[in-house]
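Coordinate analysis (summary)
Now for the letters of each chain:
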Amino acid sequence: NAGVTQTPKFQVLKTGQSMTLQCAQDMNHNSMYWYRQDPGMGLRLIYYSASEGTTDKGEVPNGYNVSRLNKREFSLRLESAAPSQTSVYFCASSNEKLFFGSGTQLSVL
Amino acid sequence: KQEVTQIPAALSVPEGENLVLNCSFTDSAIYNLQWFRQDPGKGLTSLLLIQSSQREQTSGRLNASLDKSSGRSTLYIAASQPGDSATYLCAVYEGSYIPTFGRGTSLIVHP
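Residues numbered from 1 in each chain as written. Chains lettered and ligands numbered in written order. Predicted model: local features only at pLDDT ≥ 70, side-chain atom pairs only at ≥ 80, totals over all residues. Heavy atoms only, no water.

The next thing to look at is the state of the cysteines. A full pass over the atoms with the stated rule returns 2 disulfides over all chains. Sulfur-sulfur distance for the disulfide between C23 of chain A and C91 of chain A comes to 1.8 Å. On the sign convention where negative means left-handed, the S-S torsion of about -75 degrees between C23 of chain A and C91 of chain A marks this disulfide as left-handed. Of this pair, C23 of chain A sits in strand β3 (residues 19-25) while C91 of chain A sits in strand β9 (residues 87-94); the two residues are 68 residues apart in sequence, bridging distant segments of the chain. Residue classification places C23 of chain A among the buried residues on the basis of a relative accessible area of 3%. C23 of chain B shares a disulfide with C90 of chain B; S-S distance 2.0 Å. Its S-S torsion of about 80 degrees marks the bond between C23 of chain B and C90 of chain B as right-handed, since a negative value means left-handed. Placement of the pair is C23 of chain B in strand β3 (residues 19-25) and C90 of chain B in strand β9 (residues 86-93), with a sequence separation of 67 residues. (Disulfide = S-S within 2.5 Å. Helix = DSSP H or I, 4+ residues; strand = E, 2+ residues; numbered from the N terminus. Buried < 20%, exposed > 50% of the residue type's maximum accessible area, 1.4 Å probe, protein only.)

This paragraph deals with the pairing of β9 of chain A. Residues and elements named next belong to chain A. Burial within β9 is extensive, with 7 of its 8 residues counted as buried. Alignment of strand β4 (residues 31-38) against β9, held across 7 bridges, turns out to be antiparallel. Following the sheet pairing, M32 is matched in β9 by S93. Summarising the sheet, β9 and strand β11 (residues 104-108) pair through 3 bridges and their orientation is antiparallel. Bridge pairing links Y89 to T104 in β11. Relative to strand β10 (residues 98-100), β9 runs antiparallel, the two sharing 3 bridges. (Pairing = 2+ DSSP bridges.)

Quick look at the interface of chain B and chain A now. Counting residues at the interface gives 17 residues for chain B, matched by 18 residues for chain A. When the two sides are added together, the surface that chain B and chain A hide from each other amounts to roughly 1,500 Å², 59% of it contributed by carbon and sulfur. Our count for the contact surface shared by chain B and chain A stands at 0 salt bridges. At the boundary of chain B and chain A, one finds 4 residue pairs in polar contact (both at pLDDT 80 or more). Of all elements in the fold, only β4 (32-38), β5 (44-51), β9 and β10 (99-101) of chain B reach the threshold of two or more residues within the side of chain B that touches chain A. Residue composition of the side of chain B that touches chain A, grouped by class: 9 nonpolar, 6 polar and 2 charged. (Contact = heavy atoms within 4.5 Å. Buried area = accessible area lost by both parts, 1.4 Å probe. Salt bridge = Lys/Arg side-chain N within 4 Å of Asp/Glu carboxyl O. Polar contact = N/O pair within 3.5 Å; in protein donor to acceptor, adjacent residues only side chain to side chain. Nonpolar A, V, L, I, M, F, W, Y, C, P; charged D, E, K, R; others polar.)

With that settled, consider the confidence of the model for chain B. Chain-level statistics for chain B give a pLDDT mean of 93 and a share of 99% at 70 or above. Mean pLDDT per element in chain B: β10 of chain B is the minimum at 92, and strand β11 (residues 105-110) of chain B is the maximum at 97. (pLDDT = per-residue confidence, 0-100.)

All names here are of chain B. The alternating pattern of strand β8 (residues 72-77) places S73, L75 and I77 on a buried face and R72, T74 and Y76 on a face that is not buried. Both β3 and β8 contribute to a ladder of 6 bridges, which runs antiparallel. Bridge assignment links S24 to a residue of β8, and that residue is R72. Pairing geometry for strand β7 (residues 62-67) and β8, over 6 bridges, is antiparallel. By the bridge assignment for β8, D67 is matched with R72. Hairpin connection of β7 to β8: 4 residues between the antiparallel strands, including G71 at a positive phi of 70 degrees.

A general tendency of soluble globular proteins is for nonpolar side chains to be buried together. L33, W35, L75, I77 and Y88 of chain B are the most contacted members of the largest nonpolar core, which has 23 residues in total. Those residues in contact with Y88 of chain B that sit more than four places away from it in its chain are Q6, L21, F36, R37, L47, L75, I77, G104, T105 and L107 of chain B. Counting residues in each nonpolar core, the second largest holds 20 residues, with C23, V60, Y64 and L76 of chain A among its members. (Core = buried A, V, L, I, M, F, W, Y, C linked by side-chain atoms within 4.5 Å.)

Locating S87 of chain A in the fold gives a position in strand β9. If near-sequence neighbours (up to four positions away) are discounted, S87 of chain A is found in contact with R36, Q37, D38, T104, Q105 and L106 of chain A.

Turning our eyes to something else, we now look at the sheet that holds strand β7 (residues 64-68) of chain A. Residue and element names in this part refer to chain A. Judged by pairing direction, the sheet is antiparallel, and its 4 strands sit side by side in the order β1-β3-β8-β7 without closing on themselves. Both outer strands of the open sheet, β1 (4-7) and β7, are each paired with one neighbouring strand and no more. With direction set aside, neighbouring strand axes in the sheet form an average angle of 15 degrees. Pairing of β1 with β3, which is carried by 4 bridges, proceeds in the antiparallel orientation. Across the sheet, the residue bridging to Q6 is C23, located in β3. (Axes fitted to C-alpha atoms, helices over the stretch in contact; angles between N-to-C directions.)

What follows is the structure, given as C-alpha cells:
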C-alpha cells in the first residue's frame, strides 16, 4: 500500500508563478485535506474535502485553490505564488484515522 | 472553538526513562483522539487512535489514555530510546471532518 502520495517533494518558484501540488490516496478514504506547516505556527488547514465532489475552506485558504478530481485525488493550486507561501505542505486523508503524505517543501523567491 | 494544548513543548531525557506526554483539549465532546510522531523533515506517522468509547490504546512501548471528562490524553513511552527522538502531536476530532492539532512536544532522548 502506497498510502498517501504527494508530488513533488521539493519545488522552488519565483514570485507570481503558478503550480499545482498533487495528492493521491489508495485507501478509499472519503475525506482529504491540505495543510501547511510553518515553524512556530503548527499545522494549519488550508482546504479540505469531506467527500468526492465537495471542498471547503480551512483556516488559511487565501491564495490557494483545490480540486477533488475523484475519490483518490485532491490537488492544491497556487495561482500566483508569494513569498508568504514558502512552507511545507502536507496532504492527508481519513476515514476516521488520519494518514499523511510525506510533504512538499516549497520555496517562493 | 476547540483548542488543543501540549505540554511540555520540549523535553530532553536520558535513555531508559519512562515518559509522559500530555495533551489537553477544551471541548470534551470529541469523537476520537489520535497521536502522531513527526521526524525532522518528514510527514506525520500515526501512532495510536483512541475512540471516544475507549479509555486507552497500546502499541508496543506506547500507551495512550483518554479522559474525556477532564479533557486530557496522555502518551506514555516506556523505556525510552534515542530512536524515539521526534516531535509528538495529538489531534482531536469533533463532529466535523476537521481534526484540531496541538503544537506538539519535541522529544530528545540522549544516550
